[in-house]
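Next come the chains, spelled out residue by residue.
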Amino acid sequence: MIVKFKKIILVGAVAIACLSQPILAADKIKIGVISILEGAFASLGQDGVRGAELAFKEAGGKVAGMDVEIIVMSSDASPDSAVNAARKLIDHDNVDIIIGPLSGSEGIALRDLSKGNKGVTFVNGSSAAQDATFREGSDNFFRFGGDGAQWMAGVGTYAFEELGYKKVAVVAEDYSFPYTQVLGFMSEYCAAGGRVPKKFWTPIGTKDYSSVVYSIPDDVDAIFVALGGADAVNFLTQYDQAGGDKPIIGGTITIDQSILDSKGPFKKLLIGAPAGTPTVSDYEGKEWKEFTASYLSNFPEGMTSPTIFAHHYYMAGKAVLLGLEQVDGDLSNQHKALRASLNNLEFVTPTGGTMRLDENRNGIIDNFVTEVYEREDGSLGNRVLKLVSNVNQTMGQDPTAFRAIGAVSRENPSCP
Amino acid sequence: MSRTLLLIVVILIILPAFISDFWLNQILTRSIILGIAALSLTFLTTYLGVVSFAQITLAGVAGYTIAYFSPNTTGLGIELPWLFAVALALLFSTLAGAFVGAIAKKSVGIYSIMITLAISMAFFYFTRQNYSIFNGWTGFSGITAPVAFGVSLEDSLVFYYATLLSATAAGYLVVKFTSSPLGLAVQGVKDAARRVRAIGIPTTPVIIAAYAFSGFIAGMSGVLNVWQQERISSFSVGLGPTIDLLIIAVIGGMRHPLGAFIGAITYVLIDTFVIDLFSRDRFNMIIGLVLLFIVMAAPQGILGSFLSAQKRIRKYDNNAIKRKIKNDCEI
Amino acid sequence: MKLFFIVFLNGLTLASLYFITACGFTLIFGLMRTVNMAHGVLLLLGAYIGYEVVEMTGFWVLGIIAGGLSCALVGAFLQAFILGRYQGDELRQTLITIAISIILADFLLWAWGGLTYQISLPEMLQGGIRLPLLNVGYSVVRLTLIGMAIVVGVLLWLLIAKTKLGIIIRAGVDDREMLQALGFEIKKIFIIVFAMGAALAGMAGVIFGSALSISPGTDIQFLLSSLVVVIVGGMGSVGGAALGALLIGLAEQYGLAYAPTYGVVFTFLIMVTVLAFRPQGILGRAEQ
Amino acid sequence: MMPDQLLKIDKLNVYHGSSHTLQDIDINISNRPKAILGRNGMGKTTLCSALMGLTKAASGSVFLDQTDISSYSPESRAKTGIGYVPQGRRIFRSLTVIEHLKLVEKKDSRWSIEKIFSIFPRLAERRKNMGDRLSGGEQQMLAISRALMLDPKIMIMDEPTEGLAPTIVDDVVELLHSLAEHEIGLLLVEQNISVALEVASDILIMLNGRIVDQVTAEELKSNTQMQQKYLGINFA
């Protein structure tokens, strides 16, 4: 009886679902974009959305002769909210492709979600946690960009060999993205012979770093700081006020232009600080200048130049468009053709490199070692010291050896 | 009321036939799960007279237990048969409830708000910082609902019915509990702690029992939540969800178990669709205004206002009838 | 050993900051039994306005005054038109202040964006000095915080112990109804006290934004730290706030120095422990 | 001169939930002190509290010196001239004696702190003591002084002799007598029948929220039956 009843309901449900959702005419591709549009990261997340939109605008809003509809959803930096946003896009808006998310743990969450939603192709935005692709990868989750470790490529070697820092202390936020950044720095630095005697993992949002400041060993040559936003400003200010004078090595978001534009005497600590990043706002490369011009003309209300978020969402959008174009919009058989084409895609990035994926569907990227310098008007900017090409996810190391290091954590890697 | 209740249950049973998967999963099922959590809060507020901010924590304890003892993608934890995992989850959430009660036993009114808020924040920061059990910031993911008695709970329809059944059970348990001798003692403690002590019932075990029971109910929602979300992290037990739950309880109304569910569906609808009408950027402002409006205009919540309006209408009807009779007689 | 003393000093300076931020909260709670969950967002509002004024005029003290005044106005408005109607209904007031804090925080995000702000200090407070005995550099503004906390504490004590308003406030804390029966318009007094508490919050925000920094989310940290400080010390007691601030400030800094991973958990554990044994806080008076 | 009708209570009704605590109370108070007698729980304290505006009346009106104060807030009633000495005295425990008086000090009052101290030298001695450090008698003196400082037209006193030592009771009685000299009306609520009879000329009997009888002090003194019936005591 119950079984019968259930059957009736199921039949009814199917019938109504069929009625209410007529098979979509295949002349439209629906793409969801997930970014952080609320809370402290809202303005950065907005720029990510601009990046994705720019890719579609440049393509005239069409791909393979079909219209593209973009649906934007917000998350709030928590993995839970990213999953909820994705579910709404999948179940309610019936999107074919999802671009996003912005931050590290969100990326891992969407990768896991993608495993149960094979009918949707996920293309990562700017999330840069290593594990999103490196471990437990999902064959419909792609990242056309690097992880936080790749973003540090070249810095460890530069710090040891060019700057001669033999010992470095680490101050970083206590979650997956900084772990990955520290890994990127240390895997090169330790291999080159450098030592990291002490790492300080501070909870994100810490205001008062004074006791960390005084705990930094006296005998280190420099401090590797992987803090973002307010945390970086607070730490650097307090370090400066305490009379600290060790050179700084910056994480990717620590030398962000927003921090260089903040006011305060701490900025003098940053002059000359090397850092690693895939995006340099005033890079002189021809492709970057074109990209910036296109960004500025399309978004006069945007930032003064595209951020790392716009850059990466743009690459995601571009990959989706190129892939769809190659397969002529064929999304049959759970996007089989599209996936194959994404796996083999190659295109020129806004920084002039060639983007392509490795076997884990993670980007092989060009990375920059930069330096904070004082512009003529007294403000600070980043300039490129070195371009490191073809950085893969194992930082050029043997994959098996690299994998053997294990998942990143507070203790891993270690070279005291 | 009971006839209305039956009607609601019947509607809820046949509803899946008429709605899309999204409505089933993300609106109905999610609302009911949140409703169970809110029920554990309204139970404490109505019967023990305390507002607890720790209910999300208690649900989180159950959720983390399930995550730890189920297959997941973090490489942490031990796999157990799902029934064991559920039993452990409910046991831990009940014990955690008792623990909260033991700490907060002397606190009433705003003090109980403060102390439970402190407990929930301590738990939140602990989960965020601890990687060996809770996997810190990222938490657990890749958890799937089990195959129970030959049916897969991963199927959204099956899961919906399981959730509905759990909610009915939770509501039934609350009603049964409140009319049990222990439940009566709980209400006695609320109304006159001193008198309850005077007739020889010590209040501490009664208070702890009430919190423990609320932990059990919250645990039910925690288990279902982790199965539905397929993940849990420190964000799931942070200040945001804690305040959301309070908002749900308040907008629904605390006097009747049904209020928790009405609050939950209202909240979920706002959460899901208001952003489509307005901009996502100002979502919090809208939530804040709705909360402010309901707290100011309808202190008893949506259900409370509805019930008192109904009462007024009935009274008005009665009066009208009386007047009519009187007029007729006079003529 | 040297670290131990420096961390103690850090704890002391942080405690000073916590004391300043918690004063307004405890003042309001003490008299009105209102748990002002909008305390944090008022601090943030004061800090932003202080920032604007300091940027415009270049006078730090003006920033403090502006931050305090603007919050006093907002506070008076809230009490007069919204909260005052529900005096005595503590739960409803708590919920209303939660709603207000959600709305205001969103407004602040809209108006000032998600960036980090630091309020520029006057020249003499910038930078660091070398501490004689410990022979380390130390931030001048942090040392000044101890003085500021003492000034705030003493002024508040004078106000409460020595002025007519202080007498009225204490009488109101003891027996609000009796105060009314003696001809005092409790509504007006509540508005004044709420405005004062909010003004303290606003000024504390400017100080906080100068000593550390402010950004969205700081409001929640403000609120939680004030809550913990006041609860541990004893609600409504200025001395309790000082004691609570000291305990929490020291716990946090020693935690950060010696066990950074769980430092933030300590804070809440102290609070849970205190409340489990003394629900009214260390110096708080038991409810009658 | 004191008006004939200092305080007029007209059909005052108060409910506590569903229980009808005060039922159609009518009282007129002129220059002659009146006392209300009745056992515990008969509604006497509710009456005081309702007159002060602290308890909301469902219906009825209160006139003070011809002014309808029914809609006044407690603070306006105090300002209009009601001095309230509540049951249990309700001294502010964190205020000193002198602070209590400073709190209610008014410029044009007939009562100054010095005058109070001359009446109650004991309070002068303990001027720096906190409210909760005073003895019951001292608290009562302070509660009365606090009300007097407001320069009221009428005093409403709720069991001012409750829990006091007999010698102190005599002091209080003496003070109550002197109120009339200062042209201050008095509504005294008492359980202590001897105090009531000594101070007031008219006695109202309150039973289950109603005024059931109005007699002169002389009548009640001699009528033991009435004492027994309403008050359950014998005053010999």
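Residues numbered from 1 in each chain as written. Chains lettered and ligands numbered in written order. Predicted model: local features only at pLDDT ≥ 70, side-chain atom pairs only at ≥ 80, totals over all residues. Heavy atoms only, no water.

Trainee: So what exactly am I meant to see when it comes to the interface of chain B and chain A here?
Mentor: Interface size is commonly expressed as the accessible surface area that is lost when the partners come together. On the side of chain A, 36 residues touch chain B, which itself brings 36 residues to the contact. For the pair chain B and chain A, the summed buried area comes to about 3,000 Å², and 55% of that belongs to carbon and sulfur atoms. Inspection of the chain B/chain A interface yields two salt bridges. Residues Arg87 of chain A and Glu230 of chain B are paired through a salt bridge, measuring 3.8 Å at the closest nitrogen-oxygen approach. Along the contact surface separating chain B from chain A lie 13 residue pairs in polar contact (both at pLDDT 80 or more). Counting residues per element, the ones that place at least two in the side of chain B that touches chain A are helix H1 (2–14), helix H2 (21–48), helix H5 (109–129), helix H6 (156–179), helix H8 (203–229) and helix H10 (257–277) of chain B. (Contact = heavy atoms within 4.5 Å. Buried area = accessible area lost by both parts, 1.4 Å probe. Salt bridge = Lys/Arg side-chain N within 4 Å of Asp/Glu carboxyl O. Polar contact = N/O pair within 3.5 Å; in protein donor to acceptor, adjacent residues only side chain to side chain. Helix = DSSP H or I, 4+ residues; strand = E, 2+ residues; numbered from the N terminus.)

Trainee: Sorry if this is basic, but what is going on with the pattern of salt bridges here?
Mentor: A side chain of one charge can pair with a side chain of the opposite charge when the charged atoms of the two come close. Taken as a whole and judged by the stated rule, the model has 33 salt bridges over all chains. Between Asp208 of chain A and Arg142 of chain C there is a salt bridge, with the nearest N and O atoms lying 2.7 Å from each other. Here the residue Asp208 of chain A occupies a position in the loop between strand E8 (199–202) and helix H8 (210–215), and Arg142 of chain C occupies one in helix H5 (residues 140–162), the pair thus bridging two chains. The class for Asp208 of chain A is buried, based on a relative accessible area of 3%. Residues Lys268 of chain A and Asp240 of chain A are paired through a salt bridge, measuring 2.9 Å at the closest nitrogen-oxygen approach. With a gap of 28 residues between them, Lys268 of chain A in helix H11 (residues 267–270) and Asp240 of chain A in helix H9 (residues 229–241) connect regions that are remote in the sequence. Asp240 of chain A gets classed as buried once you look at its relative accessible area, which sits at 10%. Taken together, the shared-partner salt bridges connect Arg111, Asp112, Lys115 and Glu136 of chain A into one network. (Buried < 20%, exposed > 50% of the residue type's maximum accessible area, 1.4 Å probe, protein only.)

Trainee: Even after reading the chapter, I still don't get the confidence of the model for chain A, so can you show me in this structure?
Mentor: Detailed reading of the predicted coordinates is not advisable wherever pLDDT falls low. Averaged over every residue, the pLDDT of chain A is 87; the share at 70 or more is 94%. For residues 1–25 of chain A, every residue scores under 50 in pLDDT, and the model assigns this stretch 13 contacts once sequence neighbours within four places are set aside. (pLDDT = per-residue confidence, 0-100.)

Trainee: Teacher, can you tell me more about the interface of chain B and chain C here?
Mentor: Across the contact, 36 residues belong to chain B and 41 residues belong to chain C. Here chain B and chain C share an interface that buries about 3,500 Å² over both sides, 80% of which is from carbon and sulfur atoms. Sorting the residues of chain B by area buried against chain C places Ile110, Tyr111 and Met114 of chain B first, and these three jointly supply 19% of that buried surface. Our count for the chain B to chain C interface comes out at three residue pairs in polar contact (both at pLDDT 80 or more).

Trainee: Sorry, what's going on with a negative patch on the surface here?
Mentor: Residue and element names in this part refer to chain D. On the surface, a cluster of negative charge is contributed by Asp170, Asp171, Glu174 and Glu198. If you tally residues by element for the negative patch, the top one is helix H7 (residues 166–181), at three residues. Within the fold, Glu174 resides in helix H7. In this structure Glu174 comes out as exposed when scored by relative accessible area, which is 56%. (Patch = residues over 30% accessible without salt bridge, like charges linked within 9 Å, V, L, I, M, F, W, Y side chains within 5 Å. Areas by Shrake-Rupley, 256 points an atom, 1.4 Å probe, with all protein chains shown as cover. Lys, Arg positive; Asp, Glu negative; His and termini not counted. Charge placed at Lys NZ, Arg CZ, Asp CG, Glu CD.)

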